[in-house]
Amino acid sequence: MLQRQTMIYTELSPNPNSMKFVLNFELAPDGLTFDYPTVAATLEEGKASPLATDLFQFPFVRRIFIAVNFITLTKDDETEWEDVVYDVKKFLKIYFEQNHPVFAQKTIDSNTFIVDVNDSAVVGKIKKALDEYVRPAVESDGGAINFASFDEISGQVKVYLQGSCSGCPSSTVTLKDGIERLLKTMVPEVKEVVAEGV
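Remember, it's a predicted structure, so these values are computed and weren't measured experimentally.

**Here we look at the environment of Glu80**
Phase 1 of the analysis: For Glu80, the position within the fold is in the loop between strand S5 (70-75) and helix H2 (81-97).
Phase 2 of the analysis: We classify Glu80 as partly exposed; its relative accessible area is 41%.

In structure tokens form, the structure reads like this:
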């Protein structure tokens, strides 16, 4: 069996407790993200990940987020990144070079990206704006943003913040000053943007 060449580099995120580990190959299909706030979440049907389960064996890991070509780890307050980054990179390199799976097969089978044909025109515009303008910036910081819902009466958009965005001190400012302003400009029906489950 051919050994996979694994290159990993790290990027700091706006959240000082989160670090982005970027790989030179795809981990998850584009547009799909997986957030694991606990070890139990790594075993849930539809999102099970042997990689995430193994990463929780590091005692400092508090949250794991997997996106298209990166993993964002959120650590505890006591640990310093410079003390653990080398060990995490070494673990990931060995893990991938031995061709261990990122996800359980059931996770892969049950997560195909489907566009909802029942979306209203406004929801379609909101999703398009999030995908084209917001997602790339948020992913560059080691996080993700996903559409949750839109209330046509109040004009409120709810989004899920994941990865380094979850619990980040600056995420509220980004949400209000950046994302909300952009959506209000591009989609006049939007009056407010709030984070769901934060």
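**Examining the nonpolar core**
Phase 1 of the analysis: Ranked by internal contacts, the top residues of the largest apolar core, which has 31 residues, are Ile64, Ile66, Ile71 and Phe96.
Phase 2 of the analysis: Those elements that place two or more of their residues in this core are strand S2 (18-23), strand S3 (34-36), helix H1 (50-55), strand S4 (61-66), S5 and H2.
Phase 3 of the analysis: Among the elements that make up this core, the one with the highest residue count is H2 (seven residues).
Phase 4 of the analysis: Residues within four places of Ile71 in sequence aside, it is in contact with Met19, Lys20, Phe21, Leu23, Leu27, Leu51, Leu55, Ile64, Phe65, Ile66, Leu92 and Phe96.
Phase 5 of the analysis: Among the nonpolar cores identified, the runner-up in size contains 18 residues, and Val159, Leu161, Val190 and Val193 belong to it.

**Some points on the sheet that holds S4**
Phase 1 of the analysis: Strand order in the open sheet formed by five strands is S1-S2-S5-S4-S3, with antiparallel pairing between adjacent strands. On the outer flanks of this sheet lie strand S1 (8-12) and S3, each paired with one strand and no other. Put simply, the sheet's adjacent strands are angled 20° from each other on average, direction ignored.
Phase 2 of the analysis: In the sheet, S4 pairs with S5 via five bridges, with the strands oriented antiparallel. Each residue of the ladder has a partner; that of Val61, found in S5, is Lys75.
Phase 3 of the analysis: Contacting S1, S2 and S5, H2 crosses the sheet at an angle of about 30° to S2.

**Some remarks on helix H4 (residues 121-140)**
Phase 1 of the analysis: The terminal C-alpha atoms of H4 lie 28 Å apart, and with 20 residues this matches the ideal 28 Å at 1.5 Å per residue to within 8%.
Phase 2 of the analysis: Bending of H4 peaks at approximately 50° at the position of Val134, with proline Pro136 no more than four residues after it.
Phase 3 of the analysis: All of the buried residues in H4 are Val122, Val123, Ile126, Ala129, Leu130, Val134, Arg135, Val138 and Glu139.

**Points about the packing of aromatic side chains**
Phase 1 of the analysis: Throughout the structure, instances matching the rule amount to eight aromatic pairs.
Phase 2 of the analysis: With 6.4 Å between their ring centres and 65° between their planes, Phe21 and Trp81 make a pair best called edge-to-face. Note that Phe21 is positioned in strand S2 and Trp81 in helix H2, a separation of 60 residues in sequence.
Phase 3 of the analysis: Exposure remark for Trp81: the relative accessible area of 7% places this residue in the buried category.
Phase 4 of the analysis: Summarising the aromatic geometry, the rings of Phe58 and Phe60 are spaced 5.5 Å apart at their centres and angled 45° between planes, so their arrangement reads as tilted. As far as the burial class goes, Phe58 and Phe60 line up, both buried.
Phase 5 of the analysis: Counting every residue linked through ring pairs, the aromatic cluster contains Phe25, Phe58, Phe60, Phe91, Tyr95 and Phe96.

Rules of the game
- Residues numbered from 1 in each chain as written.
- Predicted model: local features only at pLDDT ≥ 70, side-chain atom pairs only at ≥ 80, totals over all residues.
- Heavy atoms only, no water.
- Helix = DSSP H or I, 4+ residues; strand = E, 2+ residues; numbered from the N terminus.
- Buried < 20%, exposed > 50% of the residue type's maximum accessible area, 1.4 Å probe, protein only.
- Core = buried A, V, L, I, M, F, W, Y, C linked by side-chain atoms within 4.5 Å.
- Contact = heavy atoms within 4.5 Å.
- Pairing = 2+ DSSP bridges.
- Axes fitted to C-alpha atoms, helices over the stretch in contact; angles between N-to-C directions.
- Expected span 1.5 Å × (residues − 1).
- Bend = angle between axes of the 7 residues up to and from the residue.
- Phe/Tyr/Trp six-rings, centres within 6.5 Å; stacked < 30°, edge-to-face > 60°.

From the geometry alone we can't say anything about function, so treat these as descriptive.
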